[in-house]
Amino acid sequence: MTAREARPGQVRLGLIGDNIRASRSPVLHRICGALAGLEVSYDLYIPSDLGLTFEETFARCLADGLAGFNVTLPYKERVMKLVEVENPMIARIGAVNAVKLTVDGARGFNTDYSGFISAFRAAFGERKPGIVALIGGGGVGKAVAFALAALGAEEIRVIDRDLPKAEALAVALGAAGAASAVAKTDVAVAMTGADGVVNCTPLGMTGYPGSPVGETDFAGQSWAFDAVYTPVETLFKQQAEAAGLDFISGYELFFYQGVDAFEIFTGTRVSELDTLRRRLLLEG
């Protein structure tokens, strides 16, 4: 059965990633479907479990007749060569986390970008990010960096142990006229004088213990964000809150990017966000 042959009201979705067994995305999308009057299935595609490469797993999603699927660590950049990206902003970001399958092929989107903007606005209103130390220049880091620029960040300090990767993101931000951006390799140095600190590494995620920030690195910043949401209580979150920073959990990015992705996949915008939140807390 293909997506076009699915019966009315039925939508088949999925997620490709390596460390996704604890993902809440299946629950979120099924609840979104229920609120929209749709029957939604959402399956996990883990390449190593399937004995497939990422590219073969991508092809499996097409063969399984999905209407669309999410892509997460570590494939958000790798998927770019397999999809058509119509939005120039997403092309500049260079990472995709949502793929919609159409009669004309696979289309790539980035709801980490839109989701972070929504999460930041929900937490801080019209407040500007200021000077931001962004740790991690991979797929989610790229999306959040461009989102910070769209929110009016004064400066973005991109920190990555892979300096060429950090430099490439800084150059991309500058080329887009988005914001002043510089590449760094030392977290503590980059955090000095920053207003915000953003963790876009997997550190803190289930299976990746720890924090990218040292115990004494938080000093004088005003806000922080952790892209990790499984678990919600991370060491980075504990460090930031102990230092008195306003904190945005990765759960907020998960929530808003999921709502945006569901709209891309189905054409339906879920407006009952309070109901969605309540049901997410109750349903396993």
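Refer to the structure above for everything that follows.
Residues numbered from 1 in each chain as written. Predicted model: local features only at pLDDT ≥ 70, side-chain atom pairs only at ≥ 80, totals over all residues. Heavy atoms only, no water.

Chemist: Describe the sheet that holds strand β2 (residues 39-45), and please don't skip the residues or the numbers.
Modeler: If you walk across this open sheet you meet the five strands as β2-β1-β3-β4-β5, and the pairing is mixed. For this open sheet the edge positions go to β2 and β5 (105-109), each flanked by a neighbour on one side alone. On average, each strand axis in the sheet is tilted by 20 degrees relative to the strand beside it, whichever way the strands run. Docked against the sheet, helix α1 (residues 25-35) engages β1 (10-16), β2 and β3 (68-71), running at close to 165 degrees with respect to β2. (Pairing = 2+ DSSP bridges. Helix = DSSP H or I, 4+ residues; strand = E, 2+ residues; numbered from the N terminus. Axes fitted to C-alpha atoms, helices over the stretch in contact; angles between N-to-C directions. Contact = heavy atoms within 4.5 Å.)

Chemist: Hey, could you go over the pattern of salt bridges for me, with residue numbers and the actual values?
Modeler: All told, the structure shown has 17 salt bridges when counted by the stated rule. Its salt-bridge partner being Lys76, residue Asp112 comes within 2.7 Å of it at the nearest N-O pair. Of this pair, Asp112 sits in helix α5 (residues 111-124) while Lys76 sits in the loop between β3 and α4 (88-93), and the two are 36 residues apart along the sequence. On the basis of relative accessibility, which here comes to 4%, the residue Asp112 falls in the buried class. Notably, a salt bridge pairs Arg269 with Glu263, separated by 3.0 Å at the nearest N-O pair. Residues joined by salt bridges that share partners form a network here, namely Glu84, Glu86, Asp104 and Arg107. (Salt bridge = Lys/Arg side-chain N within 4 Å of Asp/Glu carboxyl O. Buried < 20%, exposed > 50% of the residue type's maximum accessible area, 1.4 Å probe, protein only.)

Chemist: Tell me about the packing of α1 against helix α10 (residues 250-266), residues and numbers included.
Modeler: Viewed as axis vectors pointing N to C, α1 and α10 meet at an angle of 55 degrees, and their least axial separation amounts to 10 Å. When the axes of α1 and α10 are compared, the pair comes out oblique. For the crossing formed where α1 meets α10, the hand is right-handed. On α10, the residues touching Ser25, Leu28, His29, Cys32 and Gly33 of α1 are Phe254, Phe255, Gly258, Val259, Ala261, Phe262 and Phe265. (Parallel < 35°, antiparallel > 145°, perpendicular 65-115°, else oblique. Left-handed = near helix turned anticlockwise from the far one by under 90°.)

Chemist: Describe the pairing of β2, naming the residues involved and giving the relevant values.
Modeler: Pairing of β1 with β2, which is carried by seven bridges, proceeds in the parallel orientation. Following the sheet pairing, Leu15 is matched in β2 by Leu44.

Chemist: Help me get a handle on the pairing of β1, residues and values and all.
Modeler: Counting buried residues along β1, six of its seven residues qualify, which places the element largely inside the surrounding structure. Taking the sense of rotation as the criterion, the β-α-β connection linking β1, α1 and β2 turns out right-handed. As paired elements, β1 and β3 share four bridges and run parallel to each other. Bridge assignment links Gly14 to a residue of β3, and that residue is Phe69. (Right-handed = clockwise from strand over helix to strand, strands pointing away.)

Chemist: Describe unusual backbone geometry, listing the residues and the values that go with them.
Modeler: The step from Leu73 to Pro74 runs through a cis peptide bond, and the omega angle for that step is 0 degrees. That bond from Thr230 to Pro231 is cis: its omega, 5 degrees, falls within 30 degrees of zero. Relative to the helices and strands, Pro231 resides in the loop between β10 (223-226) and α9 (235-242).

Chemist: Help me get a handle on the sheet that holds strand β6 (residues 131-135), residues and values and all.
Modeler: If you trace the six strands from one edge of the open sheet to the other, you get β8-β7-β6-β9-β10-β11, paired in parallel fashion. In this open sheet, the two edge strands, each paired with only one partner strand, are β8 (180-184) and β11 (246-248). When strand polarity is set aside, the average angle formed by the axes of neighbouring strands in this sheet is 15 degrees. Summarising the sheet, β6 and strand β9 (residues 196-199) pair through four bridges and their orientation is parallel. The residue of β9 that forms the bridge with Leu134 is Val198.

Chemist: How would you explain the nonpolar core if you had to name every residue and give the values?
Modeler: Val99, Phe116 and Leu148 are the most contacted members of the largest nonpolar core, which has 73 residues in total. Broken down by element, this core gets its largest block of residues, nine residues, from α10. Once you skip the residues sitting within four places of it in the chain, Leu148 turns out to touch Phe116, Pro129, Val132, Leu134, Ala153, Ile156, Val198 and Trp223. If you look at the next biggest cluster of nonpolar residues, it comprises 16 residues, including Ile131, Ala190, Val197 and Ala240. (Core = buried A, V, L, I, M, F, W, Y, C linked by side-chain atoms within 4.5 Å.)

Chemist: I'd like a rundown of the packing of α10 against helix α11 (residues 273-282), residues and numbers included.
Modeler: At a minimum axis separation of 12 Å, α10 and α11 run at an interaxial angle of 125 degrees. With respect to each other, α10 and α11 are oriented oblique. As for how α10 packs across α11, the hand of that crossing is right-handed. Facing α10, whose interface residues are Tyr251, Glu252, Phe254, Phe255, Tyr256 and Val259, α11 presents Leu273, Leu276, Arg277 and Leu280.

Keep in mind these numbers describe shape, not what the thing actually does.
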